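Chain by chain, the residues run as shown.
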Amino acid sequence: MRHAIFGGSFNPIHNDHVKLALQFAEEFSLDRVTLIPTFITPLKDNSAIADGVHRYEMCRLATARYPQLEVSDIELRRGGMSYTSDTIAALKDDADELFLIVGADMYVTLDKWHDFRYIFENATILVAPRNELDYHSLEEKYEEFKPCGCHTLISEELVGPLSSTAVRAAVKAGESIAGMVDPRVGEYIKENDLYR
């Protein structure tokens, strides 16, 4: 079993999150990708975050039609600071090979993460560049991480331009988010009056 975990605030999950998970599944022959909404994200501002129950449900709605994608509430149930090293420790025995999907912006901070050497020892990092310049920056950072035991695979595909911040801003401004999120996620945001 080649299993990847894809953690994030998913506040809310948008179409490029799903596209990225599917892209990695295909490019690196992953059997399963598990999206894991964080409880509290280290190194990020958590002040505008929707309740975990809502973020979990939106992830479930966005991934429901893709059999290789699943959603776990492991970090929401654990509570407190969401340390990736703890999640890897909990899931590593369920996979022959464990991978960790991270965004390019987060990849460059990996050596600041809690117990980052444990992460490097127990998971292969998967990352996608946003542009050609980004690709070279990721390669350079990988060379820095290698002596710490890091193994990274950099996608040849670029990550999409969407962001959860842009989705929230559109909702707050009363603008359409069609095309930014799965229609069921859009309905959920509206029904639960999120991000107003």
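In what follows, the accompanying structure is described. Within any chain, residue numbers begin from 1 and follow the written order of that chain's sequence. Since the coordinates come from a predicted model, pLDDT governs what is reported: local features require at least 70, and pairs of side-chain atoms require 80 or more to be given and counted, while whole-chain, interface and lining totals use all residues. Computation of side-chain values covers all heavy atoms of the structure but excludes hydrogens and water.

1. Some thoughts on a negative patch on the surface
Next, step 1: Taken together, the side chains of E26, E27, E156 and E157 present a region of like negative charge at the surface.
Next, step 2: With respect to the element layout, E26 can be found in helix 1 (residues 15–27).
Next, step 3: Judged by relative accessible area, which is 69%, E26 ranks as exposed. Distance thresholds for patches are 9 Å for like charges and 5 Å for nonpolar side chains (Val, Leu, Ile, Met, Phe, Trp, Tyr), applied to residues having over 30% relative accessible area and no salt bridge. Values of accessible area rely on a 1.4 Å probe in the Shrake-Rupley scheme; residue burial ignores everything except the protein chains shown. Salt bridges are defined by distance alone: a side-chain nitrogen of Lys or Arg within 4 Å of a carboxyl oxygen of Asp or Glu. Working convention for charge: Lys and Arg count positive, Asp and Glu count negative, and His plus the chain ends are omitted. Note on charges: their place is set at NZ of Lys, CZ of Arg, CG of Asp or CD of Glu. Strands are runs of DSSP state E lasting at least 2 residues, helices are runs of H or I lasting at least 4, and numbering of each runs from the N terminus. Buried residues are those whose accessible area, probed at 1.4 Å on protein chains only, stays under 20% of the maximum for their type, while exposed residues exceed 50% and partly exposed ones sit between those limits.

2. Re the sheet that holds strand 5 (residues 124–128)
Next, step 1: Taken together, the 6 strands give an open sheet; going across it, the order is 3-2-1-4-5-6, and neighbouring strands pair in parallel fashion. Each edge of the open sheet is held by one strand with a lone partner, namely strand 3 (69–71) and strand 6 (152–154). Taking the axes of each pair of neighbouring strands and ignoring which way they run, one obtains an average angle of 25 degrees across the sheet.
Next, step 2: Here, a strand pair is defined by DSSP locating no fewer than two bridges between the strands. Note: strand 2 (residues 32–37) against strand 3, 3 bridges, orientation parallel. Bridge assignment links T34 to a residue of strand 3, and that residue is E70.
Next, step 3: Across the sheet, helix 2 (residues 52–63) lies against strand 2 and strand 3, angled at about 165 degrees from strand 3, the strand it touches most. Only the stretch in contact is used when fitting a helix axis, every axis being a line fitted to C-alpha atoms; angles between N-to-C directions are given from 0 to 180 degrees. Contacts are assigned to residue pairs with any non-hydrogen atoms lying within 4.5 Å of each other.

3. Digging into the packing of aromatic side chains
Next, step 1: The rule is short: rings of Phe, Tyr and Trp, with Trp giving its six-membered ring, pair when the centres are within 6.5 Å, and they are stacked under 30 degrees, edge-to-face over 60, tilted in between. A complete count under the given rule lists 5 aromatic pairs for this structure.
Next, step 2: Taking the centre distance of 5.7 Å and the plane angle of 25 degrees together, the rings of F24 and F28 count as stacked.
Next, step 3: Judged by its relative accessible area of 0%, F24 is buried.
Next, step 4: Given a relative accessible area of 12%, F28 falls into the buried group.
Next, step 5: Pairing F116 with F120 gives two aromatic rings, centres 5.5 Å apart and planes at 70 degrees, and the pair type is edge-to-face. Of the two residues, F116 and F120 both sit in helix 6 (residues 116–122), 4 residues apart, roughly one turn of that helix. No difference in accessibility class separates F116 from F120, as the two residues are buried.

4. Here we look at the pairing of strand 1 (residues 2–8)
Next, step 1: Buried residues dominate strand 1, accounting for 5 of its 7 residues.
Next, step 2: In terms of strand pairing, strand 1 meets strand 4 (residues 97–103) through 5 bridges, oriented parallel. Residue I5 lies in a different strand from strand 4, and its bridge partner there is L100.
Next, step 3: One ladder, built from 6 bridges, connects strand 1 with strand 2; its direction is parallel. Residue F6 lies in a different strand from strand 2, and its bridge partner there is L35.
Next, step 4: Viewed along the sheet, the connection from strand 1 through helix 1 into strand 2 turns out right-handed. Crossovers are described as right-handed under a simple rule: with the strands pointing away from the observer, the path leading from the first strand over the helix to the second runs clockwise.

5. Some words on the nonpolar core
Next, step 1: Residues I13, L30 and V33 are the most contacted members of the largest nonpolar core, which totals 35 residues.
Next, step 2: At 5 residues, helix 1 tops the list of elements feeding residues into this core.
Next, step 3: If you look at the next biggest cluster of nonpolar residues, it comprises 25 residues, including I88, M106, F116 and I119. For our purposes a nonpolar core is just a set of buried Ala, Val, Leu, Ile, Met, Phe, Trp, Tyr and Cys residues, chained together by side-chain atoms within 4.5 Å.

6. Observations concerning helix 9 (residues 183–191)
Next, step 1: Taken residue by residue, helix 9 has V185, G186, Y188 and I189 as its buried positions. The buried side chains of helix 9 occupy one side of the element, clustering within an arc of 160 degrees when seen end-on. Exposed and oriented more than 90 degrees from the buried face of helix 9 are P183, K190 and E191.
Next, step 2: Contacts from the buried residues of helix 9 go to helix 2 and helix 8 (164–172). What the arc describes is the spread of directions from the helix axis to the C-beta atoms.

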